[in-house]
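# A closer look at the structure
The chain contents come next:
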Amino acid sequence: MKRGLLAGVVAGGLTVGAVAFFNLPEAESRDQPQTSGPAETAEVTRETLIDRESHDGTLGHGDTATVTARGAGTITALPVGGAVITRGKSLYRLDNKPVPLLYGALPAYRTLRPGVEGADVLQFEKNLRALGYQGFTVDDEYTSATAEAVEDWQDDLGRAETGRVAADQIAYAEAPVRVDSLSVERGAVVQPGTELFKTTGTSMVATVGLEVDDQRLARRGAAVDVEMPDGSTARGRIADVETVVEPGEGNESDSTRIDVTVAFTKPPKDLDEAAVTVDFVSSKRPDVLTVPVPALLALAEGGYGLQIVEAGGTRIVAVKTGLFADGRVEVSGGGLQAGQKVGMPS
């Protein structure tokens, strides 16, 4: 849900859209300098003006993935919820034989044996070398030297030393995984493809669902601030943006949303799932002159002005407005300079 904000849209140096002024004070004539000064003044400041939009999000471990049985048999061991499984460690045991996790994007789909070549061989051999096994060349060819290293690995796993690796003996993920929830119990009799448990990534992330109209905020790599339940703020960057279409029920139309995943610069500790607020940058104007919004005056001839306070009195100058944010407004024209004083109408 979008929270309250003050926002402006810069177009040709003028502000268009979401800012409305009610009972804006009118300026006195600009023709004559005024000798009496205002009771309160503010300073013209040069700064980077940033307009933010806040959206509700959720702190957690991100989307889940499903681990399925690679073969038929009885599940004799399962991990516990919340466990982190890294390369070489067992995801589960089928008929009391471990199915280890390896890293890679390509799923295991065939038996690897001497004479086999391909990208899946290279991916497997990289893992075998990372696990400390030597005596073979890491390339896309499964040789007799690879088979000898595999036999050593199989011996360490407690498997038959065949020198071959069947597709149901290993499973791949792109990185370590965290066990989110179990789908079966130990002792279950399963077939290939049976869902065993769900996993997530190991790092905490914040996820936000945006409306399509807010897609401009979802810029991959953009910096954001995340307000935590305890009131602290954590820095993050948009790591992933996904368009999700949900089918409508009955006669309802399909709905579309933008799912944003935020990765933290410094992951929060001692937190699990929680509600957070993500502050996106809507607009940014670097190195501009700004004044408090209440300093603006409505000119009789139209537009806005400021009451410049200087030695000997005051004068009214017309200005152009740009971005409105955080109670200040970008202004230009009228010979404005940083450090000048402007009147604050009472």
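Located above this text is the structure these notes cover.
Described below are features of the structure shown in this document. (Residues numbered from 1 in each chain as written. Predicted model: local features only at pLDDT ≥ 70, side-chain atom pairs only at ≥ 80, totals over all residues. Heavy atoms only, no water.)

### Considerations on the packing of aromatic side chains
Short version of the rule: When the centres of two rings from Phe, Tyr and Trp lie within 6.5 Å, Trp using its six-membered ring, the rings pair. Their planes under 30 degrees apart give stacked, over 60 give edge-to-face, and anything left gives tilted. Labels follow the DSSP assignment, with helices taken as runs of H or I lasting at least four residues and strands as runs of E lasting at least two, numbered in each case from the N terminus. Buried, partly exposed and exposed residues are distinguished by accessible area as a fraction of the type maximum, computed with a 1.4 Å probe on protein chains only: under 20%, between the cut-offs, and over 50%, respectively. A ring is considered to have a charge above it if a Lys NZ or an Arg CZ atom is located within 6 Å of its centre and within 35 degrees of its normal.
If you walk through the whole model with that rule in mind, you get 2 aromatic pairs. Aromatic pair Phe124 and Tyr142: ring centres 6.5 Å apart, planes at 25°, arrangement stacked. Pair noted here: Phe124 is in helix H1 (residues 119-130) and Tyr142 is in the loop between H1 and helix H2 (144-157), with a separation of 18 residues, a long-range link. For Phe124, a relative accessible area of 1% corresponds to the buried category. Here the aromatic residues Phe124, Tyr142 and Trp153 are joined through ring pairs into a cluster of three or more. The ring of Phe136 is capped by Arg129, whose NZ or CZ atom sits 4.8 Å from the centre of that ring.

### Observations concerning the packing of H1 against H2
To keep things clear, this is the line we draw: Angles shown run from 0 to 180 degrees and are taken between the N-to-C directions of axes, each axis being a line fitted to C-alpha atoms and, for helices, limited to the stretch in contact. In what follows, roughly perpendicular refers to angles from 65 to 115 degrees, roughly parallel to angles under 35, roughly antiparallel to angles over 145, and oblique to any angle outside these ranges. Each crossing gets its handedness from the near helix: less than a right angle anticlockwise from the far helix is left-handed, clockwise is right-handed. In this description, contact between two residues means that some pair of their heavy atoms is separated by no more than 4.5 Å. For this classification, the nonpolar set comprises Ala, Val, Leu, Ile, Met, Phe, Trp, Tyr, Cys and Pro, the charged set comprises Asp, Glu, Lys and Arg, and every other residue, Gly included, is treated as polar.
Two elements in contact, H1 and H2, have axes whose closest approach is 11 Å; the angle formed by their N-to-C orientations is 50°. In terms of axis orientation, H1 runs oblique to H2. Two packed elements cross with a definite hand, and for H1 against H2 that hand is left-handed. Residue-level contacts link Phe124, Glu125 and Leu128 of H1 to Thr146, Ala149, Val150 and Trp153 of H2. Broken down by class, the residue content of the contact of H1 with H2 amounts to 5 nonpolar, 1 polar and 1 charged.

### Topic: the nonpolar core
We apply this condition: Buried Ala, Val, Leu, Ile, Met, Phe, Trp, Tyr and Cys residues that are joined via side-chain atoms within 4.5 Å together make up what is termed a nonpolar core.
Grouped together as the largest cluster of nonpolar side chains are 21 residues, with contacts concentrated most on Leu210, Val226, Val260, Val278 and Phe280. Of all the secondary-structure elements, those providing two or more residues to this core are strand S14 (205-211), strand S15 (223-227), strand S16 (233-246), strand S17 (255-264) and strand S18 (274-292).

### Quick notes on the sheet that holds strand S9 (residues 97-103)
Hydrogen bonds between backbone groups are what pair the strands of a sheet, and the pairing can be parallel or antiparallel. Selection criterion: Strands pair, by our definition, only if DSSP identifies at least two bridges between them.
Pairing in this open sheet of 5 strands is mixed, and the strands run S10-S9-S8-S6-S12 from one edge to the other. Taken across any chain shown, the strands that pair with only one partner, and hence form the sheet edges, are strand S10 (171-173) and strand S12 (189-190). Taken together, the 2 bridges between strand S6 (residues 73-77) and S12 define a ladder with antiparallel strand orientation. Bridging from a neighbouring strand, Thr74 pairs with Val189 of S12.

### Description of H1
Definition in use: Expected span of a helix: the number of residues minus one, times 1.5 Å.
Look at H1: 17 Å from first C-alpha to last across 12 residues, which is about the 16 Å you get at 1.5 Å a residue. Among the residues making up H1, those that are buried are Asp120, Val121, Gln123, Phe124, Glu125, Asn127 and Leu128. Packed against the buried residues of H1 are S9, H2 and S10. The first or second residue beyond H1 is Gly132, which carries a positive phi of 100°.

### A short note on the pairing of strand S13 (residues 195-200)
Sheet topology note: the strand S5 (residues 65-68)/S13 ladder contains 4 bridges and is antiparallel. If you follow Thr66 over to S13, its bridge partner there is Lys198.

### Some points on the pairing of S18
With 14 of 19 residues buried, S18 lies mostly within the body of the structure. Two elements, strand S4 (residues 45-60) and S18, share 14 bridges in a ladder whose sense is antiparallel. Paired with Thr58 across the strands is Ala275, a residue of S18. Direction of pairing for S15 relative to S18: antiparallel, over a ladder of 3 bridges. Across the sheet, residue Val226 finds its bridge partner in S18, namely Val278. Pairing of S18 with strand S22 (residues 328-332) involves 3 bridges; the strand directions are antiparallel. Its bridge partner being in S22, Pro292 is matched across the sheet by Arg328.

### A closer look at the side chain of Thr290
Selection rule: Any pair of N or O atoms that falls within 3.5 Å is considered a polar contact. Within protein, one atom must be able to donate a hydrogen and the other to accept it, and sequence-neighbouring residues count only if both atoms are side-chain atoms.
Counting through the fold element by element, Thr290 comes out in strand S18. Of the residues examined, Thr290 reaches a relative accessible area of 0% and is grouped as buried. At a separation of 2.8 Å, a polar atom in the side chain of Thr290 contacts the side chain of Arg328. Not counting the four nearest positions on each side in its chain, Thr290 is found in contact with Glu43, Val44, Thr45, Glu47, Leu49, Arg328, Val329, Glu330 and Val331.

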